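One letter stands for each residue in the lines below.
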Amino acid sequence: MAGKRPLVIAHRGASAYLPEHTLAGKAMAHAMGADFLEQDVVATRDGALIVFHDLHLDDLTDVALRFPGRARADGRHYCIDFDLAEVRQLALTERRRTGGDQPRYPGRFPASAGRFTIPTLEEEIRFIQGLNRSTGRCAGIYPEIKAPAWHHEHGIDLAALMLGVLGGHGYSAAGDAAIVQCFDGAELRRVRNDLGCGLRLVQLLEGGLPTTPELEAIGCYAEGIGPSLRQTVGTGLVAAAHRASLQVHPYTLRLDALPEGCPGFAELMDALCRGDAVDGLFTDFPDRVVQYLNQHFAGLS
Ligand code: G3P
Ligand code: CA
């Protein structure tokens, strides 16, 4: 294939094979050759930053058993209602379907196996930097500011805290191996313009297709967009984003949950990598994407 090889972004780690956002899953993704390892970041009550996707702990941990009586009126246990010392006591497992015990992805790692805990952002960065050092291969980090408005409502400036941790570990400039992502456009603009972040920024998108003026507006504060696969394939979005000088990193390629109507993994990869090709790709299966790229981009980097 002509063109530049897309970046492989391990979505929550090698999450097809080990529970999401575990250090074990990040080590596996690193060994599989992912270029970037993703961190979803939320805060605890005492302002610690943890690597965890959901605002509530129910679908991935034993919080209801370990902390009875701590749910809100909706029956959920929220990260922001627990101190880090409490979060550290939780056992992290494979994701379950909301409100039940059934696994979200039945063929994945069994909930009864392994012993995993929730890492802090700082622990995870130190872990990845350790792997970079011991292997000599530099994988980047790709943290997402999760639900910034929710955190502001609870008195926590998640973005500012995150940038503090990143800066303290050597990530502050555009050339550093870190990309910051967020769905909230106003917050990402604030990250660039008010918080003075020099890192590469990616505006996550969902829903309808952005217009050209909207893409150009994103280009004033971000280096790229992160659309859903549905927004990306066969829509012309990649070409439109490139015209606005934006990189495109779609989410999320899962072999066990391909988009509706998609004939198969290879066909999807072909659609993403031919012609107006994406610049990166979030995937739960970094090994399979690396394998595809090795076959189709031999000799290119
Ligand atoms: O951040 C890219 C992708 O992960 C966005 O969706 O819900 O998995 O964070 P989500
Ligand atoms: Ca994410």
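It should be noted that the structure appears before, not after, this text.
Residues numbered from 1 in each chain as written. Chains lettered and ligands numbered in written order. Predicted model: local features only at pLDDT ≥ 70, side-chain atom pairs only at ≥ 80, totals over all residues. Heavy atoms only, no water.

K.L.:
Talk me through the overall build of the protein chain; I want residue IDs and the actual numbers.
P.N.:
When its secondary structure is counted, the protein chain shows 12 helices and nine strands. In terms of C-alpha radius of gyration, the protein chain reaches 19 Å, essentially the compact-globule figure of 19 Å for 301 residues. Here the protein chain holds 301 residues, and the buried ones make up 53% of them. Of the contacts formed within the protein chain by residues at least 6 apart in sequence, a portion of 67% connects residues at least 24 apart. As displayed, the protein chain has an accessible area near 12800 Å², and 51% of this comes from carbon and sulfur atoms. (Helix = DSSP H or I, 4+ residues; strand = E, 2+ residues; numbered from the N terminus. Rg over C-alpha atoms; globule rule 2.2 N^0.38 Å. Buried < 20%, exposed > 50% of the residue type's maximum accessible area, 1.4 Å probe, protein only. Contact = heavy atoms within 4.5 Å. Areas by Shrake-Rupley, 256 points an atom, 1.4 Å probe, with all protein chains shown as cover.)

K.L.:
Describe the coordination of the calcium ion (ligand 2), listing the residues and the values that go with them.
P.N.:
For the calcium ion (ligand 2), the full set of protein donor atoms is Glu38 (OE), Asp40 (OD) and Glu144 (OE), and the range of their distances to it is 2.1 to 2.4 Å. With six donor atoms in place around the calcium ion (ligand 2) and angles of 61 to 155° between them, the coordination shape is irregular. (Donors = N, O, S within 2.8 Å, 3.2 Å for Na, K, Ca; no water. Tetrahedral: all angles 85-135°; square planar, octahedral: opposite > 155°, others 65-115°.)

K.L.:
I'd love a proper account of the nonpolar core, names of residues and values included.
P.N.:
One finds Leu166, Ile225 and Met269 to be the most contacted residues of the largest nonpolar core, which totals 63 residues. Ranked by residues supplied to this core, first place goes to helix H6 (residues 158–168) with six residues. In this structure leucine 166 touches Ile125, Ile141, Pro143, Tyr171, Val180 and Leu199, once residues within four positions along its chain are discounted. The next biggest cluster of nonpolar side chains, apart from the first, holds 17 residues, and it includes Leu18, Leu57, Cys79 and Phe82. (Core = buried A, V, L, I, M, F, W, Y, C linked by side-chain atoms within 4.5 Å.)

K.L.:
Give a detailed account of the site of ligand 1, specifying residues and quantitative values.
P.N.:
In the region of ligand 1, the neighbouring residues are His11, Arg12, Glu38, Asp40, His53, Glu144, Lys146, Gln181, Phe183, Leu204, Tyr251 and Phe282. Across the complex, the protein chains shield 90% of the 280 Å² of accessible surface that ligand 1 would expose by itself. (Near = heavy atom within 4 Å.)

K.L.:
Summarise empty space enclosed by the protein; cite the residues concerned and give the values.
P.N.:
Applying the stated criterion across every chain yields a total of one cavity of 30 Å³ or more. Size it by volume and the largest cavity reaches roughly 30 Å³. Forming the walls of the largest cavity are Pro6, Leu7, Met269, Leu272, Cys273, Val278, Leu281, Val289 and Leu293. Among the secondary structure elements, those contributing two or more residues to the lining of the largest cavity are helix H11 (265–273) and helix H12 (286–296). (1 Å grid on protein atoms, 1.4 Å probe; cavity = no way out; pocket = protein on both sides within 12 Å on 5 of 7 lines; lining within 4 Å. Points joined across faces, edges and corners; volume = space filled by probe spheres on them.)

K.L.:
Let's hear about the packing of helix H1 (residues 23–32) against helix H4 (residues 121–135): which residues, and what values?
P.N.:
Following both chains from N to C, one finds H1 and H4 inclined at 30°, their axes separated by 11 Å at the closest point. Accordingly, the angle class assigned to the pair H1 and H4 is roughly parallel. In this structure, the crossing between H1 and H4 has a hand that is right-handed. Packed against H1, whose contacting residues are Leu23, Lys26, Ala27 and His30, the element H4 presents Glu124, Phe127, Leu131, Asn132 and Thr135 at the interface. Class assignment of the residues belonging to the contact of H1 with H4 gives a composition of four nonpolar, three polar and two charged. (Axes fitted to C-alpha atoms, helices over the stretch in contact; angles between N-to-C directions. Parallel < 35°, antiparallel > 145°, perpendicular 65-115°, else oblique. Left-handed = near helix turned anticlockwise from the far one by under 90°. Nonpolar A, V, L, I, M, F, W, Y, C, P; charged D, E, K, R; others polar.)

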